[in-house]
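Here's the letter readout for the chains.
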Amino acid sequence: MFAKRVIFGGGSLGRPVQGVVSSNFAHRRRRTSAQRTYNSLFPYSVEVCAVTQFHQVGAKPGGWGGHATLFINGAEIDPSASYPLLRLVAAGTSLSDPDSGIGISVNKIFDNVTWVAIPGRDVFFRGGLAPEQTLDKEFYEAAIQKATAAGWFAGIRIKDTLMRQRPGPMRPEEFIVRHSIGTDVALNFARTAYCARLPMGRDAIGKVIAYLNSANDAAQRTGYIWNMYTNNCSHVVHNALAAAGVWDPKVARGPGTIDVARDVLSVAKALALSRMSDFSFPANNFVRLYEAGNERPIDDALAAYSNHDVRRTMNDGWMSTGPGALIATHPIHEAGRNQLFAPGRDPFLFSVPMLWDKADKFKMLTRHAPSIVTDLSANLAYYRERYAKTLASQRTVDDELGSLDGDTNNDDFRIFWGRFYELIAENLKRTDACLTENRRLES
């Protein structure tokens with residue numbers, strides 16, 4: 001969901017700015033330590049990111065929709081595949097390394113795959129660029145050559161109309177990287193990424209991986225046809241999490257007028273049924289995942305039973321709302337040391353005022369998010385208290401049954417009631433253990 005001009009030149013070597021090296025190093029060290037702690041407590045997780053507009057200095061800004069990416073801890077690239085595929089890391093593998101994980105990005109220029117996988121948090125977001133370094137043409141060129149040599153884009157073809165613009169002497173792989181950097185790799189060269197994290201179990205991450213692999217397998221057979229409205233980067237990210245039961249899936253349609261009209265009709269249906277439409281936008285995914293991780297009812301069995309999303313995840317043995325569902329911002333490289341890119345506008349947010357207003361929530365999360373969703377210690381303490389209150393205010397199953405409507409299956413609710421409070425007690429115990437471990441790691 002972008003448009004951009006590609007840089008082909010060289011330049012001077014980016015060097016640290018004196019006087020800020022020590023403070024930037026300390027900040028990076030704290031960030032790395034915090035990521036190690038998070039990975040130790042929540043080794044399997046996803047991070048859905050809404051990414052700002054691409055704006056190269058001296059060029060027209062990119063698309064208004066922004067971009068969506070997905071970062072997965074617990075996945076790795078399948079080295080046996082001839083095109084991008086993932087696999088679960090081996091059971092028992094330590095995932096605490098702050099640079100573990102795989103970044104996933106969809107690009108409309110791809111022809112025979114839907115997404116590319118980039119190993120490592122630092123390269124995916126920062127492109128290996130330290131905060132105190134300058135992003136100039138020489139560093140940019142070095143990053144392109146590194147990504148080309150690494151083979152991350154091996155086996156990927158792009159649309160013929162774009163490939164025909166490749167300069168004759170340039171390798172196809174390098175040409176693809178030049179049209180991917182800042183979007184699929186080294187995001188923070190050109191963009192800020194607003195990210196919502198969600199811890200998952202190993203089995204759930206396996207389902208995310210299976211969906212993503214099926215998307216690239218399908219593109220190998222029939223090609224990838226991107227459309228801004230009906231089948232974009234956000235649809236892929238959304239449906240990957242839907243495969244793990246986080247929310248309902250969306251229908252990804254073709255690029256025709258009828259397909260767009262069906263998406264429009266899905267909005268009215270979604271409003272009437274309090275469900276999601278088939279339109280999908282990066283900023284909405286970000287807000288939705290925050291809600292899934294923090295706002296679903298887990299304070300009493302009756303409210304939880306009335307929420308079909310809670311019931312779906314509980315059928316798989318987990319709850320999406322719980323500790324570790326944090327908000328993180330990965331900012332574009334600082335303007336004073338960024339010679340190539342200027343900050344772009346925030347990604348478009350689809351919102352219906354008075355009925356389905358997400359704009360204020362997006363602004364809150366990206367500008368002044370509360371500490372309980374940005375600080376892990378505060379987050380753990382909050383959920384420890386929340387679980388304890390849920391258990392302390394627990395009503396008997398017969399009392400709860402008296403509040404149900406006549407259409408509810410009493411036997412189903414009795415089973416749900418027992419499993420709900422059992423899971424809350426398990427989560428409280430697990431959160432206590434996380435608090436203890438977090439204090440140990442922080443010290």
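Position numbers for residues start from 1 in each chain and track the written sequence from start to end. Only residues with pLDDT of at least 70 get local features here, since the model is predicted, and only at 80 or more are side-chain atom pairs given and counted; chain-wide, interface and lining totals rely on the full set of residues. Hydrogens are left out, water is left out, and the side-chain values use all remaining heavy atoms of the structure.

A. How the structure looks around the overall build of the chain. Secondary structure summary: the chain contains 15 helices and 8 strands in total. Taking as baseline every contact in the chain between residues at least 6 positions apart, the subset at least 24 positions apart corresponds to 79%. Of the accessible surface of the chain, which amounts to about 19,200 Å², a share of 53% is contributed by carbon and sulfur atoms. The helix and strand labels rest on DSSP assignments: H or I over at least four residues marks a helix, E over at least two residues marks a strand, and numbering proceeds from the N terminus. It only takes one pair of heavy atoms within 4.5 Å for two residues to be counted as in contact. Here, Shrake-Rupley sampling with a 1.4 Å probe gives the accessible areas, and only protein chains in the shown set may cover a residue.

B. Highlighting the nonpolar core. Ranked by size, the top nonpolar core spans 93 residues in total, and within it Leu-70, Leu-86, Phe-153, Phe-189, Met-200, Leu-212 and Leu-241 carry the most contacts. Judged by nonpolar contacts, the second largest core, of 21 residues, contains Met-314, Tyr-383, Tyr-387 and Val-397. Grouping buried Ala, Val, Leu, Ile, Met, Phe, Trp, Tyr and Cys residues that are joined through side-chain atoms within 4.5 Å yields what is termed a nonpolar core. Burial classes: relative accessible area under 20% of the type maximum marks a residue as buried, over 50% as exposed, and values in between as partly exposed (1.4 Å probe, protein chains only).

C. Molecular detail of the packing of aromatic side chains. To pair, rings of Phe, Tyr and Trp, with the six-membered ring standing in for Trp, must have centres within 6.5 Å; the planes then decide the type, stacked if under 30 degrees apart, edge-to-face if over 60, and tilted in the middle. This model, assessed by the stated rule, comprises 18 aromatic pairs. Centroid distance Tyr-38 to Phe-42: 5.2 Å. Interplanar angle 45°. Geometry classified as tilted. Of the two residues, Tyr-38 and Phe-42, neither departs from the other in class, the shared state being buried. Ring geometry for Tyr-305 against Phe-413: centres 5.1 Å apart, planes inclined by 90°, an arrangement best described as edge-to-face. Placement of Tyr-305 in helix α10 (residues 301-305) and of Phe-413 in helix α15 (residues 410-442) is noted, with a sequence separation of 108 residues between them. Residue Tyr-305 shares its accessibility class with Phe-413, and that shared class is buried.

D. Spotlight on the side chain of Asp-78. Tracing the sequence through the fold places Asp-78 in the loop between β3 (75-77) and β4 (86-88). Neither His nor the chain ends contribute to the count of charged residues, in which Lys and Arg are positive and Asp and Glu negative. By definition, a salt bridge exists where a carboxyl oxygen of Asp or Glu is found within 4 Å of a side-chain nitrogen of Lys or Arg. Buried charge without a partner: Asp-78 forms no salt bridge, and the closest opposite charge is Arg-87, 4.3 Å away. If sequence neighbours within four positions are ignored, Asp-78 has contacts with Leu-85, Leu-86 and Arg-87.

E. Molecular detail of unusual backbone geometry. Although it is not a glycine, Ala-186 sits at a positive phi angle of roughly 55°. Here Ala-186 shows up in the loop between α5 (172-178) and β7 (193-199). Its relative accessible area of 2% is what places Ala-186 among the buried residues.

F. Geometry of a nonpolar patch on the surface. Judged by side-chain polarity, Trp-64, Tyr-229 and Phe-348 come together as a nonpolar surface patch covering roughly 260 Å² of accessible area. Assessed through its relative accessible area of 30%, Phe-348 is described here as partly exposed. Patch construction takes residues with relative accessible area above 30% that form no salt bridge. Like charges are linked within 9 Å, and nonpolar side chains (Val, Leu, Ile, Met, Phe, Trp, Tyr) are linked within 5 Å.

G. Broad picture of the packing of helix α9 (residues 282-294) against helix α12 (residues 359-367). Where α9 meets α12, the axes come as close as 10 Å, and the angle between the chain directions of the two elements is 80°. Comparing their axes, α12 and α9 come out roughly perpendicular. When α9 is examined against α12, the residues Ala-283, Phe-286, Val-287, Tyr-290 and Glu-291 are found in contact with a partner set consisting of Lys-361, Phe-362, Met-364, Leu-365 and Thr-366. For this classification, the nonpolar set comprises Ala, Val, Leu, Ile, Met, Phe, Trp, Tyr, Cys and Pro, the charged set comprises Asp, Glu, Lys and Arg, and every other residue, Gly included, is treated as polar. For the contact of α9 with α12, a count of residues per class yields 7 nonpolar, 1 polar and 2 charged. Axis definition: a line fit to C-alpha positions, over the contact stretch in the case of helices; interaxial angles, taken between N-to-C directions, run 0 to 180 degrees. Angular relationships are summarised with four words: roughly parallel below 35 degrees, roughly antiparallel beyond 145, roughly perpendicular across 65 to 115, and oblique for the angles in between.

H. Spatial organisation of the environment of Thr-148. Assignment of secondary structure puts Thr-148 in helix α3 (residues 137-150). For Thr-148, a relative accessible area of 10% puts it in the buried group. Sequence-wise, Thr-148 and Glu-173 are 25 residues apart; in three dimensions their C-alpha atoms are separated by 6.0 Å.

I. Quick peek at the environment of Ile-104. Looking at the secondary structure, you find Ile-104 in strand β5 (residues 102-106). Its relative accessible area of 3% is what places Ile-104 among the buried residues. A sequence separation of 14 residues divides Ile-104 from Ile-118, and the C-alpha atoms of the two residues are 6.5 Å apart.

J. How the structure looks around the state of the cysteines. Counting rule for disulfides: a pair of cysteine sulfur atoms within 2.5 Å. For the structure shown, the criterion picks out 1 disulfide. The disulfide partner of Cys-49 is Cys-195, and the gap between their sulfur atoms is 2.1 Å. Measuring handedness by torsion sign, the sulfur bridge of Cys-49 and Cys-195 sits at about 105° and is right-handed. A residue pair is termed long-range when its members are at least 10 positions apart, and Cys-49 in strand β1 (residues 45-51) and Cys-195 in strand β7 qualify at 146 residues.

K. Broad picture of the environment of Ala-130. Among the structural elements, Ala-130 can be located in the loop between α2 (121-126) and α3. Residue Ala-130 is classed as buried on the basis of its relative accessible area, which comes to 14%.

L. Just α3, in detail. For α3, spanning 14 residues, the distance from its first C-alpha to its last is 20 Å, which sits close to the expected 20 Å at 1.5 Å a residue. Residues Phe-139, Tyr-140, Glu-141, Ala-143, Ile-144, Ala-147 and Thr-148 constitute the buried set of α3. Those residues of α3 that are buried are in contact with α5. For this analysis, a polar contact is any N or O atom pair within 3.5 Å, provided that within protein one partner can donate a hydrogen and the other can accept it, and provided that sequence-adjacent residues contribute only side-chain to side-chain pairs. The opening residue of α3, the one whose side-chain oxygen lies 3.3 Å from the backbone nitrogen of Glu-138, is Asp-136. Multiplying one less than the number of residues by 1.5 Å gives the expected span of a helix.

M. The arrangement of the packing of helix α6 (residues 202-222) against helix α7 (residues 233-242) in detail. With their axes 8 Å apart at the nearest point, α6 and α7 run at an angle of 140° to one another. What the angle tells us is that α6 and α7 run oblique. As α6 packs across α7, the resulting crossing turns out to be right-handed. Across the interface between the two elements, Val-208, Tyr-211 and Leu-212 of α6 pack against Val-236, Asn-239, Ala-240 and Leu-241 of α7. Each residue belonging to the contact of α6 with α7 can be placed in one class, and the counts come to 6 nonpolar, 1 polar and no charged. For any pair of crossing helices, the crossing counts as left-handed if the nearer helix is rotated counterclockwise from the farther one by less than a right angle, and right-handed if it is rotated clockwise.

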